[in-house]
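If you want the building blocks of each chain, they are given just below.
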Amino acid sequence: LKRQSDIYLSLGRKEKSTKHPLMKQVETNMLLQHELLSRDGNIGRLWLEWHEGGHFTDTEERMVQGIAALVR
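Presented here is an overview of the structure given in this document. (Residues numbered from 1 in each chain as written. Predicted model: local features only at pLDDT ≥ 70, side-chain atom pairs only at ≥ 80, totals over all residues. Heavy atoms only, no water.)

Thoughts on the pairing of strand S1 (residues 5–12)
Move 1: Direction of pairing for S1 relative to strand S2 (residues 43–51): parallel, over a ladder of seven bridges. Directly across from Ser 5, in S2, lies its bridge partner Ile 43.
Move 2: With helix H1 (residues 26–38) bridging S1 and its parallel neighbour S2, the resulting β-α-β unit is right-handed. (Pairing = 2+ DSSP bridges. Helix = DSSP H or I, 4+ residues; strand = E, 2+ residues; numbered from the N terminus. Right-handed = clockwise from strand over helix to strand, strands pointing away.)

Quick look at H1
Move 1: Look at H1: 18 Å from first C-alpha to last across 13 residues, which is about the 18 Å you get at 1.5 Å a residue.
Move 2: Of the residues making up H1, those classed as buried are Val 26, Glu 27, Met 30 and Leu 37. Looking straight down H1, one finds its buried side chains confined to an arc of 95 degrees; they lie on one side.
Move 3: Those residues of H1 that are buried are in contact with S1 and S2. (Expected span 1.5 Å × (residues − 1). Buried < 20%, exposed > 50% of the residue type's maximum accessible area, 1.4 Å probe, protein only. Arc of directions from axis to C-beta. Contact = heavy atoms within 4.5 Å.)

Here we look at the pattern of salt bridges
Move 1: As enumerated under the stated definition, the model contains five salt bridges in all.
Move 2: The partner of Asp 6 in a salt bridge is Arg 45, and the shortest N-O contact between them spans 2.9 Å. Here Asp 6, found in strand S1, pairs with Arg 45, found in strand S2; they are 39 residues apart in sequence, far enough to count as distant.
Move 3: Owing to a relative accessible area of 29%, Arg 45 belongs among the partly exposed residues under this scheme.
Move 4: Across the pair Glu 27 and Lys 16 runs a salt bridge whose closest N-O atoms are separated by 3.8 Å. With Glu 27 in helix H1 and Lys 16 in the loop between S1 and H1, this residue pair connects regions lying eleven residues apart in the sequence.
Move 5: Look at Glu 27 and you get buried, because its relative accessible area is 16%. (Salt bridge = Lys/Arg side-chain N within 4 Å of Asp/Glu carboxyl O.)

Thoughts on the side chain of His 51
Move 1: By secondary structure assignment, the location of His 51 is in strand S2.
Move 2: Classification of His 51 by relative accessible area gives buried; the value is 11%.
Move 3: Only 3.2 Å separates the side chain of His 51 from the side chain of Ser 10, close enough to count as a polar contact.
Move 4: Not counting residues within four places of it along the chain, the set of residues in contact with His 51 comprises Tyr 8, Ser 10, Leu 11, Gly 12, Arg 13, Arg 62 and Gln 65. (Polar contact = N/O pair within 3.5 Å; in protein donor to acceptor, adjacent residues only side chain to side chain.)

Examining helix H2 (residues 59–71)
Move 1: With 13 residues, H2 extends 19 Å between its outermost C-alpha atoms, agreeing within 8% with the 18 Å of an ideal straight helix rising 1.5 Å per residue.
Move 2: All of the buried residues in H2 are Arg 62, Gly 66 and Ala 69. Looking straight down H2, one finds its buried side chains confined to an arc of 65 degrees; they lie on one side. Away from its buried face, by an angle of more than 90 degrees, H2 presents the exposed residues Glu 60, Met 63, Val 64 and Val 71.
Move 3: Close packing links the buried residues of H2 with S1 and S2.

By themselves, these are just geometric observations and shouldn't be taken as functional.
Okay, structure coming up:
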């Protein structure tokens, strides 16, 4: 019996506004990854949650939300 994977993605709304050229692409890449995963038959549950702030805003709370989503 093959088990499906559950995936939780979290992104800050301000992450694309950074001056760092690599981090500016994070939203585009995350949306593409979400699209690809949503078509994957091996994915059970998939979340993409948007949060206020940037990459380092409320990291502990975001981690707890991700873990809580996955253990439900």
